[in-house]
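Chain residues, written in single-letter form:
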Amino acid sequence: MINLFSPELNRNPYPMYQTMRQSQPVMHIESLDIWSVFRYADVKTVLSDHARFSSQYGRPPGVDESASEQARRRSTLITTDPPHHTDLRSLVNRAFTPRAVDALEPRIEEIANELLDKHAASGQIDFVKDFSYPLPVIVISELLGIPSEDRDRFKHWSDEIVASADQVLGNTDAKSDSAHQEMGAYFHEIIQERRKSPQSDLISALIEAEVDSERLTEEDILSFCWLLLVAGNETTTNLIGNAMLTLLEQPQQLALLRQNPALLSGAIEESLRYRSPVQAMFRMTTEDVEIAGHTIPAGKRVVAWIGSANRDEEKFAEPDQFDITRNPNPHIAFGHGIHFCLGAPLARLEARIALSTALERLQDVSRVADGPLEPARGFIVHGVTSLPLKFSAKS
Ligand code: HEM
């Protein structure tokens, strides 16, 4: 029996996905009482049919949620259903606007250059640890108005929480509980300060946001800050890291991109498809649901395998080919439906600036050593934790 959640599989889950799409597109793991879907059409249905596939999944039966866990889940965009989700999403949309994201462009460029400056003389950089890992944390801390000195603490909290995503499988993890508590106390103080003296940052905008005379509660704001850190950091790190890794593995595609920089957006979309930073999302059935000839009973947890959907041969021609000119490219790396990633414009902007700056400044770039790379922790997030590169700096 394949262990879908084994860390080893995260290195290269694609052959397993192909087998599952062909032989068991809807699979029940009895020991965990979890269902999995692997085909593009089914994954899209599970992600977007919120009436039958609820986002309020919580812990498995028999594992109690603490009161604070329950409160957080109810207030967090990604784990609520309509109508509460609709209200929360329109409130945060007020603060997290495309204009606020566009305004970040020059600053992201500066950050990318500053990070590369530190390594230009040595001709070596760990592309993940020194570049794609710090960049999104700096951006999100600045957007929220959090002092950048605190960013190592953020990174620690968000890493613990992301890695604990397998709690839904029934594992308990004291480290992630304490990360939640520390982060809660930290944001509580900042929210109090911003209430007294608003600044031009996202937390102040969230405090001010109002729709139909409804405002966000402190718990809502806290959960949203928590979600931005958790949903926006490691995902973006892995998009940038995976794109660079894949371009290095495919020198013809890299050469094509260098010759024709207008293909950059295509390269980013293809990286999102080819090595999706988020491989899987959970839902809970609200009624008995028939999908691809199988009946999933009500109240069961379902894993929608985005990473598999994006390699489905029924949807994509030559799905295992990395092709930066692929068009159209209807990948669902950012999800589908009402929970479609709120941070997609920011992630795309960061990836565009990070990759164009790196490709411009790092010439003759190659890996320091061949061989296997350390995969990201957990089975949801997909990427590598380190990518040492050597290069000649552009003078
Ligand atoms: C939702 C992926 C970056 C904030 C989602 C979902 C996916 C996703 C698949 C849908 C979840 C579901 O259906 O249950 C990604 C990927 C990213 C990325 C692959 C980077 C490459 C970001 C960034 C932010 C962000 C940078 C914010 C700074 C959110 C939020 C939601 C979300 C708030 C919840 C939306 C809702 O439930 O209405 N993301 N994300 N994400 N993402 Fe992202």
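Residues numbered from 1 in each chain as written. Predicted model: local features only at pLDDT ≥ 70, side-chain atom pairs only at ≥ 80, totals over all residues.

As named in an unreviewed UniProt entry, the protein is Cytochrome P450, taken from Alicyclobacillus mengziensis.

J.: Describe the overall build of the protein, naming the residues involved and giving the relevant values.
T.: Assigned secondary structure in the protein consists of 17 helices and 12 strands. Relative to the globule expectation of 21 Å for 395 residues, the C-alpha radius of gyration of the protein, 21 Å, shows essentially globular dimensions. Taking the principal axes of its C-alpha atoms as reference, the protein extends roughly 60 × 60 × 35 Å. For the protein, the residues scored as buried account for 42% of the 395 residues in total. Contacts in the protein between residues far apart in sequence, at least 24 positions, make up 73% of those at least 6 positions apart. (Helix = DSSP H or I, 4+ residues; strand = E, 2+ residues; numbered from the N terminus. Rg over C-alpha atoms; globule rule 2.2 N^0.38 Å. Buried ≥ 20, exposed ≤ 12 C-beta atoms within 10 Å, placed from the backbone. Contact = placed C-beta atoms within 7 Å.)

J.: So what's going on with helix α15 (residues 264-274)? Which residues, and what values?
T.: Most of α15 sits out of view: eight of its 11 residues are buried. On the buried face of α15, the contacting elements are α13 (234-249), α14 (251-259) and α17 (344-361).

J.: Please give an account of the environment of L247 that cites residues and values.
T.: Along the chain, L247 falls in helix α13. Among the residues examined, L247 registers 24 C-beta atoms within 10 Å and is labelled buried. Counting along the chain gives 139 residues from L247 to I108, while the straight-line C-alpha distance between them is 22 Å. Leave out the neighbours within four places in its chain, and L247 touches Q253, L254 and L257.

J.: Lay out the site of the ligand with the relevant residues and their values.
T.: Neighbouring the ligand are 25 residues, the closest being G232, T235, G335, C341 and G343. Elements with a contribution of two residues or more to the shell around the ligand: α12 (218-232), α13 and α17. If you tally residues by element for the shell around the ligand, the top one is α12, at four residues. Its residues assigned to classes, the shell around the ligand shows 17 nonpolar, seven polar and one charged. (Near = placed C-beta within 6 Å. Nonpolar A, V, L, I, M, F, W, Y, C, P; charged D, E, K, R; others polar.)

J.: Break down the sheet that holds strand β12 (residues 388-393) for me, citing the residues and quoting the values.
T.: Ordered by their spatial adjacency, three strands build an open sheet running β4-β12-β11, and the pairing between neighbours is antiparallel. Since the sheet does not close on itself, it has two edges, and those belong to β4 (124-126) and β11 (362-367), each with one partner. On average, each strand axis in the sheet is tilted by 30° relative to the strand beside it, whichever way the strands run. Relative to β12, β4 is paired through three bridges, and the arrangement is antiparallel. Residue pairing in the sheet places I125 in a bridge with L389 of β12. (Pairing = 2+ DSSP bridges. Axes fitted to C-alpha atoms, helices over the stretch in contact; angles between N-to-C directions.)

J.: Could you give an account of the packing of α13 against α17, naming the residues involved and the relevant values?
T.: Taken N-terminus to C-terminus, the directions of α13 and α17 make an angle of 40°; their axes are 10 Å apart at the nearest point. Classified by chirality, the crossing of α17 by α13 is right-handed. Of α17, the residues touching α13 (which contributes T235, T236, L239, I240, A243 and M244) are A347, E350, A351, A354, L355 and A358. Among the residues forming the contact of α13 with α17, the class breakdown is nine nonpolar, two polar and one charged. (Left-handed = near helix turned anticlockwise from the far one by under 90°.)

J.: Describe the sheet that holds strand β3 (residues 53-54), naming the residues involved and giving the relevant values.
T.: The strand order across the open sheet formed by five strands is β1-β2-β10-β7-β3, and the pairing between neighbours is mixed. Looking at strand neighbours, the two that pair on one side only are β1 (26-29) and β3, the edges of this open sheet. The sheet contact formed by strand β7 (residues 280-285) and strand β10 (residues 301-305) spans five bridges and is antiparallel. Note on β10: the bridge partner recorded for F282 is V303. Along the sheet, helix α2 (residues 40-48) contacts β1, β2 (34-37), β3, β7 and β10; its crossing angle with β10, the most-contacted strand, is approximately 130°.

J.: Break down the packing of helix α6 (residues 105-120) against helix α8 (residues 134-144) for me, with residues and values.
T.: Remark: α6 packs on α8, axes separated minimally by 10 Å, with the N-to-C direction vectors making an angle of 140°. The way α6 lies across α8 gives a crossing that is right-handed. Every residue of α8 that contacts α6 at R107, I108, I111, A112 and L115 is listed here: P134, L135, I138, V139 and E142. The class makeup of the residues in the contact of α6 with α8 is eight nonpolar, no polar and two charged.

J.: Report on unusual backbone geometry, specifying residues and quantitative values.
T.: Looking along the chain, the bond that leaves P82 and enters P83 is cis, with omega of 5°. Within the secondary structure layout, P83 lies in the loop between α3 (67-75) and α4 (84-95). The step from N327 to P328 runs through a cis peptide bond, and the omega angle for that step is 5°. With phi around 45°, E318 is a residue other than glycine that occupies positive phi space. Judged by the 9 C-beta atoms lying within 10 Å of it, E318 is exposed. A positive phi angle, close to 45°, is found at D364, a residue other than glycine. The residue D364 is located in strand β11 in this model.

J.: Which residues make up α17, and what are the values?
T.: The first and last C-alpha atoms of α17 sit 26 Å apart over 18 residues, in line with the 26 Å expected at 1.5 Å per residue. Taken as a whole, α17 has its buried residues at L346, A347, E350, A351, I353, A354, L355, T357 and A358. (Expected span 1.5 Å × (residues − 1).)

J.: Let's hear about the nonpolar core: which residues, and what values?
T.: V37, V43, C225, A243, A304, W305 and I306 are the most contacted members of the largest nonpolar core, which has 101 residues in total. At 10 residues, α12 tops the list of elements feeding residues into this core. Excluding its chain neighbours within four sequence positions, the residues that come into contact with C225 are L144, F187 and I203. (Core = buried A, V, L, I, M, F, W, Y, C linked by C-beta atoms within 7 Å.)

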